[in-house]
Structures are given as structure tokens and as C-alpha cells.
Amino acid sequence: MRSTLRTRRPNRKGRAAKAAAAVVAGAMALALTACGGDGNDDTGSDGGKTEKAATVKLPKLDGQKLEVAAVWTGPEQDNFTKVLDEFEKRTGAEVSYVPTGNNTSTFLGTKIQGGQPPNVAFLPQVGVLHQFADKGWVKPLSAEAQAQLDKNFSAGWKDLGAYKDKQYGVYAKAANKSLIWYNTAAYEAAGITEEPKTWDEFVQTAQTLSDAGSPAVSIGGQDGWTLTDWFENIYLSQAGPEKYDQLAKHEIKWTDPSVKEALTTLAQLWGKDDLIAGGKAGALRTEFPKSVTNTFSGDTPAAMVFEGDFVAANINADTDAKIGTDAKVFPFPAVGAESPVVSGGDMAVALKDDKGSQALLTFLASTDAAEIWAAQGGFVSPNKEMDLKSYKDDVTRDIAEALLAAGDDFRFDMSDQAPAAFGGTQGQGEWKALQDFLKSPSNVDGIQQQLEAAAAKAYEG
């Protein structure tokens with residue numbers, strides 16, 4: 001689901017990319033033994049301990065009403081609301097939040113065309129930024145917001161929020177989307193003492209868990225974006241970064257042999273009902289949050305769930321599991337020579353050209369906002385100047401450190417750089433095709449044709 005950094009230079013792919021992957025793997029290894037709970041005695045203003053001095057100056061906005069739109073609901077929405085509460089406290093503005101649903105671009109497009117856009121929206125797809133900018137729907141950053149962005153973010157993250165030489169977006173929330181979370185009790189019951197490092201080991205571990213009586217893998221197949229993340233991790237590790245970049249830009253077709261190989265590999269898991277919680281049919285009825293609670297609660301929890309660091313928010317809010325003890329994490333297994341490193345993120349943009357919208361973007365680009373958000377859990381920031389002690393637990397802190405250590409040397413979620421019609425809309429494009437593939441994993445050639453037809457139409461449009 002997302003894009004590659006436009007600042008990446010081809011000659012950096014070798015040693016630097018391997019080093020970044022090694023850093024992530026090392027941090028995840030540390031996370032396996034990390035303690036759960038808060039693990040943080042020096043939090044910011046919302047962490048309940050020491051009140052920190054503000055690092056960013058904001059205007060007074062008494063009486064102004066702002067609306068913010070983003071995809072988050074449940075625990076993720078609650079955590080973000082803490083950030084908005086602090087903005088209200090500092091400025092006097094009144095901020096309301098509206099969830100967009102999974103079809104963010106459609107929701108926002110309807111609001112904009114109806115003359116009622118929110119002040120600020122979070123875009124989960126780079127491709128949507130480009131489409132909105134071409135239509136004149138997004139506003140460039142103010143000097144104050146740009147100053148915070150320049151101070152706190154690396155060139156790569158800034159570049160992702162820029163288009164045609166104008167800076168529009170602030171990547172206030174990032175994600176490491178190459179993680180497998182697991183239920184330690186299920187591993188212990190099956191006699192598993194080592195985390196799988198390769199895809200073959202991962203599939204064998206799933207079989208061992210299933211044979212021991214645990215549903216092996218919980219998949220949130222009702223949300224098509226989770227399925228694109230499965231594909232992207234396998235494709236990046238197996239086909240390599242150059243092919244990944246080409247497919248992300250549709251420079252090669254989805255009928256390419258490398259796509260067939262990745263889908264065939266994915267079918268080794270998706271094609272076995274006994275390895276999937278609820279089988280394929282059950283997975284297609286399972287939303288992402290339920291895939292997490294299925295793994296860490298209930299009488300017969302699943303053993304593993306794949307997704308990003310934001311899984312922690314659902315574990316913390318919806319289960320009694322403790323991260324670092326009951327719930328642990330390891331890097332997505334290597335399909336090729338090394339484990340993949342796929343990142344995602346949510347970019348804040350202004351849809352109204354006013355003082356309040358730019359003030360909120362300025363705040364979201366600051367360390368103050370990042371530290372409040374981090375203290376809630378289930379959140380990772382690419383803000384390189386924030387205090388890492390703000391993170392709620394050691395596992396998330398290790399994930400964040402690995403993300404920062406990778407610098408600009410990572411691959412961004414492939415489907416999120418595609419046109420929304422292909423990579424970011426429920427019920428069509430890549431989301432629909434991969435749901436169809438989960439339903440019928442033997443139909444590799446047919447799904448390739450379906451993917452290519454949808455991609456060709458979307459990229460031409």
C-alpha cells in the first residue's frame with residue numbers, strides 16, 4: 001500500500017538498505033525481551049508526570065472552530081484526541097473530529113465538492129495528495145509550519161509530503177508495517193522457543209501452532225489494505241527493491257513473473273484454511289481491529305497477527321495482554337535474502353486556507369504533539385527531534401528508534417502511492433483483487449489479470 005521515496009538514489013540500495021534492515025531486525029530482537037507497561041517515568045504534559053515547556057509558539061484562536069478528518073476510530077481516535085485537546089488548550093480553538101471511513105479520498109472529495117471541507121485532513125495515500133494538489137484542493141504549508149517541518153523531519157519524510165516543488169503535508173504519524181505480533185502463551189503451548197526468521201520457517205511455525213490446537217494466523221481480510229500489506233512485504237523481500245519501485249510506479253505490469261512468484265508464495269499460507277483463524281471465509285469477515293483481539297483475547301485466541309506498530313494501540317485498549325510479556329513481536333520473515341522494511345504513514349494537510357488550519361499543522365509538526373501522542377501508545381513518529389522517552393512501552397520505543405535509524409533508506413507502502421482508485425478504495429482495485437485472491441488462492445493468473453486491468457485503468461486516469 002504505499003510509495004517509495006523520490007529522494008532515493010539507485011546506488012544506495014546495496015549496503016545502506018541492508019544496514020537499515022539489520023537495524024530494524026536488531027531493534028525487534030531487543031523488543032522480544034522488553035518489559036510491557038508504561039516503561040516511562042518522564043512523560044510530556046499528557047503522560048501524567050513532568051510538565052514540559054512548550055517548544056512551539058501558537059496563535060490565539062479563541063472562538064474559532066476547526067474540523068479534522070482522519071481514518072482512525074476506536075483506540076487510535078481516542079489517542080489522537082489527546083493531541084487535539086492540547087491544541088485547544090493552547091490556542092482556545094474548538095476542534096471537532098470526524099472519521100472518514102476507509103474510502104478517505106471519496107469522503108473528502110465529496111465534502112470538498114459540497115463546499116464543506118474539513119480544515120485539516122490526514123491522507124493515508126501519497127497518490128491522493130497528488131490528485132488533490134492537481135485539483136487545487138490542498139494548501140501549501142505556512143512559513144511557521146514549514147519551520148517546524150524543517151527542524152524536526154528528515155528529507156525523506158518531507159519529500160513524501162511535497163509535490164511539484166510545493167510542501168503540502170506533515171507526516172505526523174508513521175508506521176513500521178513489517179511486523180508479526182504473537183501470543184506468547186500459544187507459542188509456549190506448542191513448544192515453540194524460537195521466532196521464525198524466514199518465510200519457510202514462518203509457514204512451518206503456523207503449521208506447528210495449528211497442530212497444537214491454536215488458530216495460527218488471524219487475518220483482517222475484510223479491510224483490503226491489510227492484504228496489500230501482506231503482498232508488499234513478500235514482494236519487497238522476494239523481488240527486491242528495484243522491482244518494488246517499478247511495480248509501485250506501474251513501470252512493470254502486474255502480470256510480471258515477479259508478481260506471480262509473490263502471489264504463489266502468499267498462497268502457501270492463504271491456501272491453507274487450517275492455518276487461518278476462521279479459515280479464508282472467516283478472514284474475509286474480519287476487520288483489522290478484530291484480527292488483533294482474536295489474537296490476544298477469547299477462549300481460543302489465534303497465535304499470530306501481521307500488521308504495523310499500531311497493533312499496540314488495539315492490544316492496549318481492547319485486550320488484557322501486556323506488550324512485551326503476553327504479546328511480543330518479530331520482523332516480517334525473509335522471503336528472499338533479507339527481511340523487508342515497509343513503512344507507511346498518515347500525512348496532515350490543510351484543505352482550508354486559514355490561520356487555524358496552518359496553526360494545527362504547525363503543532364502537528366512539533367515535538368510537543370509527537371510526545372503527547374507517543375505517550376498514549378500504539379503510535380510511532382518520524383519526528384527525529386522528539387524525546388524517545390515519551391513512548392508508552394519499550395517495544396514501541398525500539399520500533400521508533402529503528403525507523404529513525406533507517407533515515408531515508410526505506411520503502412514506503414506501495415499501494416498508498418498508487419491512484420486511490422487502485423490502491424486505496426474499498427471494494428475495487430488492489431483491495432478487491434486481493435480479497436478475491438484470499439477467497440481463491442489457486443487463481444494466481446486470474447488475479448494477476450484482474451490487478452493489471454484495474455491498475456492500467458487507474459494509472460491512465
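Residues numbered from 1 in each chain as written. Predicted model: local features only at pLDDT ≥ 70, side-chain atom pairs only at ≥ 80, totals over all residues. Heavy atoms only, no water.

Before going further, it helps to spend a moment on helix α14 (residues 311–318). Taken together, the buried positions of α14 are Val-311, Ala-312, Ala-313, Asn-314 and Ile-315. For α14, the secondary structure elements touched by its buried residues are α2 (74–91), β7 (179–183), α13 (288–296), β10 (327–331) and α17 (394–405). (Buried < 20%, exposed > 50% of the residue type's maximum accessible area, 1.4 Å probe, protein only. Helix = DSSP H or I, 4+ residues; strand = E, 2+ residues; numbered from the N terminus. Contact = heavy atoms within 4.5 Å.)

Moving on to the pattern of salt bridges. In the structure shown here, the tally under the stated rule is 15 salt bridges. When the shortest N-O distance is used, the salt bridge between Asp-150 and Lys-158 registers 3.2 Å. Owing to a relative accessible area of 39%, Asp-150 belongs among the partly exposed residues under this scheme. Of the charged contacts, one joins Lys-177 and Asp-229 as a salt bridge, the two residues approaching to 3.0 Å between their closest N and O atoms. With a gap of 52 residues between them, Lys-177 in the loop between β6 (170–176) and β7 and Asp-229 in helix α9 (residues 224–239) connect regions that are remote in the sequence. Pair check on accessibility: Lys-177 and Asp-229 agree, each one buried. Connected through salt bridges with shared partners, the residues Glu-86, Arg-90 and Asp-368 form a single ionic network. (Salt bridge = Lys/Arg side-chain N within 4 Å of Asp/Glu carboxyl O.)

Attention shifts here to unusual backbone geometry. Of note, the phi angle at Lys-164 is positive, near 50°, even though the residue is not glycine. By secondary structure assignment, the location of Lys-164 is in the loop between β4 (162–163) and β5 (166–167). Accessibility expressed as a relative area gives 58% for Lys-164, which makes it exposed. One non-glycine residue with positive phi stands out, namely His-250, at about 60°. Locating His-250 in the fold gives a position in the loop between α10 (241–248) and α11 (257–270).

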